[in-house]
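Residue-level listing of the chains:
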Amino acid sequence: IVWGNYFSASASCRVIFRVIPMSHKAQFSLATSYVEANESSLATRVAPLLMQGFPAAPEHRVTWNNWMRTPFNQWGFRHLARLRPSIDVSAGPGPVGQLQEAPRALDQLCFDSESGLGIRVIEHLVASQTDAFLVMQGDTVLYERYFNGQRACDRHIMFSVTKSLIGTLGEQLVTRGVLKPERPAAYYVPELAGSAFGDATVRQLFDMAVGIDYSEVYDDPNSESSQYGYACGFQPAPAQYAQFESLYQYLPSLKKRGSHGGFFHYVTATTEALAWVMERASGKACSQMLEEVWGHLGCDRDGYFLADPWGRNVAGAGFSATLRDMARFGRLLANNGRHDGVELLSPETVARITAGADPAIYAQNAEFSHWTPGASYRSQWYVFNDHSQALMAGGIHGQYLFIDKPSGVVIVKQSSLTDAVSPFDTDSVRMLRAIAAHLSH
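Counting restarts for each chain, with residues numbered from 1 along the sequence as it is written. The predicted nature of this model means local features are confined to residues of pLDDT at least 70 and side-chain atom pairs, given and counted, to a pLDDT of 80 or more, with totals for whole chains, interfaces and linings taken over all residues. In computing side-chain values, all of the structure's heavy atoms are included and hydrogens and water are not.

**Student:** Report on the sheet that holds strand 4 (residues 100–101), specifying residues and quantitative values.
**Tutor:** The pairing of strands in a sheet comes from backbone hydrogen bonds and takes either a parallel or an antiparallel form. Read across the sheet, eight strands follow the order 4-8-7-18-17-16-15-14 without closing on themselves; strand pairing throughout is mixed. Two strands lie at the open edges of the sheet, namely strand 4 and strand 14 (375–378), each paired on one side alone. Should DSSP find at least two bridges between two strands, the strands are regarded as paired. Here a strand is any run of E in DSSP of at least two residues, a helix any run of H or I of at least four, and the numbering for each starts at the N terminus. With six bridges connecting them, strand 16 (residues 389–395) and strand 17 (residues 399–404) associate as antiparallel partners. Among the inter-strand pairings, A390 is bridged to a residue of strand 17, identified as D404. Throughout, a contact is declared for two residues whenever any of their heavy atoms are within 4.5 Å. Whenever a helix is involved, its axis is fitted only over the stretch in contact; in every case the axis is a line through C-alpha atoms, and angles between N-to-C directions fall within 0 to 180 degrees. Sheet contacts for helix 5 (residues 161–175): strand 15 (381–385), strand 16 and strand 17; angle to strand 16, the most-contacted strand, approximately 125°. Each of strand 14, strand 15 and strand 16 touches helix 13 (residues 347–354); the most contacted strand, strand 15, lies at about 75° to it.

In structure tokens form, the structure reads like this:
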């Protein structure tokens, strides 16, 4: 019903699909989609005219309360700075780096969906409510397309792709000797003593191996992840959760459950604890650390972090940037930390991330291993070291940054999926890997 409602909003395409049972969650996964559409109309298909008028009509008004819900998210995801406080990450004074263009018909490439049926890339992009999509190899853009009214200059929130940026910066601190991964978090942040994070090592924070009483359930207003969203300012807090004015107050309140290490437990608050440790160790905000890299990539625009109510950058899910600028960051990792002959990240930093961790540990988490089979989790990245070495960052509502190391392929997907965690995501990972494999030959 959800997908039917979505597609009925567009007169330019007809979708035929069937569903199959999926996992213990008793959800459904899209097995295949067939799009009959005029190609030019797909590029210009837009949601209702949101935020038009002075003021916009109530039914078209995007607010702090609704910006994460369909259809308002198509506007909200690329204009968050108009709704909430933000912290700029400067693109620097230098010229915008020029990218070559050599268009390829990658939208016609077929890949095997989870159902085993072949789906064209363009079919999946439309079905998965893509706002912008780019494939780059080296310095050359092979495919770039915008949907739903998004423009090349728009800065789209990347949600948990932000975690991978933070993990990269943290590993750079380790390389420089500023951060010691074997030390407990409370060594750097005494306020975390007695919390879930206090006696966890920095390495356990990096790799999501903290024993914590926390549920990452986005559609439950009472879950810890929803409480995280209230504390950081993503959503207005209900009265019963309004006691936390900032992440600085929320993080020490989280309680330990069990022991640390030897497992993978995805918790956005763990990234925030890591960021706090990094900031205390370095004396710099994460936004400043990222700016030291971002400002030398030849970016089109400043990026920005959502700021929590105390002005802290939201490190677990709050970064926004243009499509091309996210690709530029990916290219830096593909090039082992060098850009235009300048070392912005140590090769040792990149190598430590791409080495990955133990895939057997990651595989124990059935929910995630179903989504990304063959991966491990290292330093806030999903790392593949099976048939090709690749890094992937993923965020709710369909955000992706994918880097295939051997081929130098970088792919960015920005989306406004109706659901935070969608059945489409498994096929998104299949599509990303298929494109990289195609370009490796």
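**Student:** Could you give an account of the nonpolar core, naming the residues involved and the relevant values?
**Tutor:** Soluble globular proteins: nonpolar side chains tend toward being buried together. Note on terminology: a nonpolar core comprises buried Ala, Val, Leu, Ile, Met, Phe, Trp, Tyr and Cys residues joined through side-chain atoms within 4.5 Å. Buried means the residue's accessible area, taken with a 1.4 Å probe over protein chains only, is under 20% of the maximum for its type, while exposed means over 50%, and partly exposed covers the values in between. Formed by 92 residues in total, the largest nonpolar core has its most connected members in F197, F234, W294, M326 and L401. Not counting the four nearest positions on each side in its chain, W294 is found in contact with V89, S90, A91, C299, R301, D302, G303, F319, A321, D325, M326 and F329. L125, A390, I411 and A436 belong to the second largest nonpolar core, which has 35 residues in total.

**Student:** I'd like to hear about the side chain of S195, residue by residue, with values.
**Tutor:** Here S195 shows up in the loop between helix 6 (185–188) and helix 7 (202–206). Residue classification places S195 among the buried positions, given a relative accessible area of 4%. Here a polar contact is recorded for every N or O atom pair within 3.5 Å, except that within protein the pair must consist of a potential hydrogen donor and a potential acceptor, and residues adjacent in sequence are included only if both atoms are side-chain atoms. One polar contact links the side chain of S195 to the main-chain carbonyl oxygen of L192, over a distance of 2.6 Å. One polar contact links the side chain of S195 to the main-chain amide nitrogen of F197, over a distance of 3.1 Å. Setting aside its immediate chain neighbours within four residues, S195 contacts L251, P252 and L254.

**Student:** I'd love a proper account of the pattern of salt bridges, names of residues and values included.
**Tutor:** Here, a salt bridge means any side-chain nitrogen of Lys or Arg that lies within 4 Å of a carboxyl oxygen of Asp or Glu. Tallied over the entire structure, the rule returns 20 salt bridges. With a shortest N-O distance of 2.5 Å, E272 and R312 are connected by a salt bridge. With E272 in helix 10 (residues 268–282) and R312 in the loop between strand 10 (303–306) and strand 11 (319–321), this residue pair connects regions lying 40 residues apart in the sequence. Note that E292 is salt-bridged to K284, the shortest N-O span being 2.4 Å. The structure contains a network of salt bridges with shared partners spanning E171, R203, D207, E348, R352 and R378.

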